[in-house]
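Architecture and fold: a report
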Amino acid sequence: MDKIISQRFLLKFNYDVIFTKDVFNTENYSLINLIKNKNIENKFIIFIDKNVYKLHINLVNNIKNYFFKHNKIIKLQSDPFIIYGGEVIKNHYILVKYIYKLIDAYKICRQSYIISIGGGALQDLVGFAASTAHRGVRLIRIPTTTLSQDDSGVGVKNGINFINKKNFIGCFSIPFAVINDYKFISTLSDSRFIEGLSEAIKVSLIKNINLFNKIEKNFKNIIKRKDTVIKYIIYKSAYIHAKHISSGGDPFEITSSRPLDFGHWAAHKLENLSKYKISHGNAVAIGIALDSTYSFLIGILSKYEWKRVIKLLININLPIYSKELNYKKNKHYLLFDGLNEFREHLGGQLTITLLKKIGEKIDVHEINKDIYIKSIKILKLTNFLKNVNK
Ligand SMILES: NC(=O)c1ccc[n+]([C@@H]2O[C@H](COP(=O)([O-])OP(=O)(O)OC[C@H]3O[C@@H](n4cnc5c(N)ncnc54)[C@H](O)[C@@H]3O)[C@@H](O)[C@H]2O)c1
Ligand SMILES: [Zn+2]
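Presented here is an overview of the structure given in this document.

Rules used throughout
Residues numbered from 1 in each chain as written. Chains lettered and ligands numbered in written order. Predicted model: local features only at pLDDT ≥ 70, side-chain atom pairs only at ≥ 80, totals over all residues. Heavy atoms only, no water. Donors = N, O, S within 2.8 Å, 3.2 Å for Na, K, Ca; no water. Helix = DSSP H or I, 4+ residues; strand = E, 2+ residues; numbered from the N terminus. Buried < 20%, exposed > 50% of the residue type's maximum accessible area, 1.4 Å probe, protein only. Near = heavy atom within 4 Å. Polar contact = N/O pair within 3.5 Å; in protein donor to acceptor, adjacent residues only side chain to side chain. Areas by Shrake-Rupley, 256 points an atom, 1.4 Å probe, with all protein chains shown as cover. Nonpolar A, V, L, I, M, F, W, Y, C, P; charged D, E, K, R; others polar. Phe/Tyr/Trp six-rings, centres within 6.5 Å; stacked < 30°, edge-to-face > 60°. Pairing = 2+ DSSP bridges.

**Digging into the coordination of the zinc ion (ligand 2)**
For a metal with four tetrahedral donors the ideal donor-metal-donor angle is 109.5 degrees, while six octahedral donors give ideal angles of 90 or 180 degrees. Coordination of the zinc ion (ligand 2) by the protein comes from Glu199 (OE), His264 (NE2) and His280 (NE2), over a distance range of 2.0 to 2.1 Å. Here the donor residues of the zinc ion (ligand 2) share one chain and are spaced in sequence as E-x64-H-x15-H. With glutamate 199 in helix H7 (residues 198–207) and histidine 264 in helix H11 (residues 264–273), the pair connects residues that are 65 residues apart, well separated along the chain. Each of the two residues, glutamate 199 as well as histidine 264, counts as buried.

**A closer look at the site of ligand 1**
Of all residues adjacent to ligand 1, which total 25 residues, the nearest are Asp49, Asn51, Glu87, Thr145 and Lys166. In the model, an oxygen atom of ligand 1 is placed 2.5 Å from a nitrogen or oxygen of the glutamate 87 side chain. Measuring from a nitrogen atom of ligand 1, one finds a side-chain N or O atom of aspartate 124 at 2.9 Å. Look at ligand 1: alone it shows 870 Å² of surface, and the protein chains cover 90% of it. Sorting the residues of the shell around ligand 1 by element identifies helix H1 (50–55) and helix H4 (120–132) as the ones contributing at least two each. Here the shell around ligand 1 is built from residues that sort into six nonpolar, 10 polar and nine charged.

**So, the packing of aromatic side chains**
Using the criterion set out here, one finds 17 aromatic pairs in the structure. Residues phenylalanine 81 and tyrosine 106 carry aromatic rings whose centres are separated by 5.6 Å and whose planes lie at 50 degrees to one another, so their mutual orientation is tilted. With phenylalanine 81 in strand E4 (residues 81–83) and tyrosine 106 in the loop between helix H3 (93–105) and strand E5 (113–118), the pair connects residues that are 25 residues apart, well separated along the chain. Classification of tyrosine 106 by relative accessible area gives partly exposed; the value is 27%. Between phenylalanine 172 and phenylalanine 252 the ring centres are 5.5 Å apart and the planes differ by 40 degrees, which places this aromatic pair in the tilted class. Here phenylalanine 252 lies in the loop between helix H10 (227–247) and H11 and phenylalanine 172 lies in strand E8 (residues 165–172), a separation of 80 residues in the sequence. Phenylalanine 172 gets classed as partly exposed once you look at its relative accessible area, which sits at 33%. Aromatic ring contacts, followed pair by pair, group Phe24, Phe44, Tyr66, Phe67, Tyr113 and Phe176 into a single cluster.

**Brief notes about the pairing of strand E12 (residues 352–357)**
Two strands pair when backbone bridges link them, and E12 and strand E13 (residues 360–364) are joined in this way by five bridges, in the antiparallel orientation. Within the sheet, the bridge partner assigned to lysine 357 lies in E13 and is glutamate 360. Between E12 and the antiparallel strand that follows it, E13, lie two residues; glycine 359 among them carries a positive phi value of about 95 degrees.

Following this line, the structure appears as structure tokens:
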């Protein structure tokens, strides 16, 4: 008989996603309130996305003043480190090593803190290094794009790209806390600002019709970046994403479906086919358009609802088509390689999320490539007509 030691244990994790404005204002206590042990000098190092550093000219001084004011509790081990932002940094493992070296040089231990201030790419990179150095250093994320505030920054995934595949190296780990500071997103260009909302539209389509209705009704105010509606959308989207992680029963995605990744099999492949010229947010918008059109063509989504989805994307200036959808090698659509890559990344059988109706998804395990090709043609034509009618 084999001897077996059966193991089973449950772990409890907590982390807060805090919504605030001007986190490094000396009178703002969001950060200081997070510190558990206020009787010691807690060590910190900080990484800042270069574009955030350039556009928020007082940021470093504000950080230094903040740490000075609270110097009995928090200690900055060095001036903040500036790292380039954007997807390209996730292609360079050497940056992970750079962060490890700083963690070592500045004596950051598992009871110390790393703060990452930047977009989703910087969050994924610094998060990966922080989660693997010393098997996990406390990480406080301060996301600075709409996308990282409404989706990526509030979750439990970290990663970098490898062999031209997105997030090939990575890990699940729980941030110590997330602080969504509304002030940061003011410096995003209009296109960056809007593209991050594609994740909010995605989650509304598969989980929450009320959020979709709100976005649809307020599209003009969204384009004008009106505070009230934008704050609501970011909060609601972050809430749905975060609650899915804590209450969905599979925070580390052990099963083969990734229920929040509607539109993402195509999105990841488009990013890669465009050599990362198409941003994640825009790729997700195209992925949503594609999978919604496919859902309509196979008869599970009504024509009326399909039109609402496409119209909303167009109305808020998100793309619904890109030429990469049509890239071919020997008549084979390269996009479809994304299906297998998506499956391999998740493990198990292929699971693609489609739309049954607005606010309700359905998972399928097989797809019809001819109908996807027809979907691409429809989107190309719709995109053409949209441009003609401008
Ligand atoms: N971990 C996850 O669960 C998860 C989920 C979704 C997306 N992601 C990842 O997130 C990344 C996309 O993140 P993103 O959309 O935030 O883009 P990004 O991080 O690539 O940033 C886009 C650009 O905006 C700049 N920027 C950042 N903040 C700014 C600000 N406040 N003002 C002006 N410019 C600013 C950056 O320097 C960069 O040039 C992708 O790598 C994607 O794979 C991760
Ligand atoms: Zn995404």
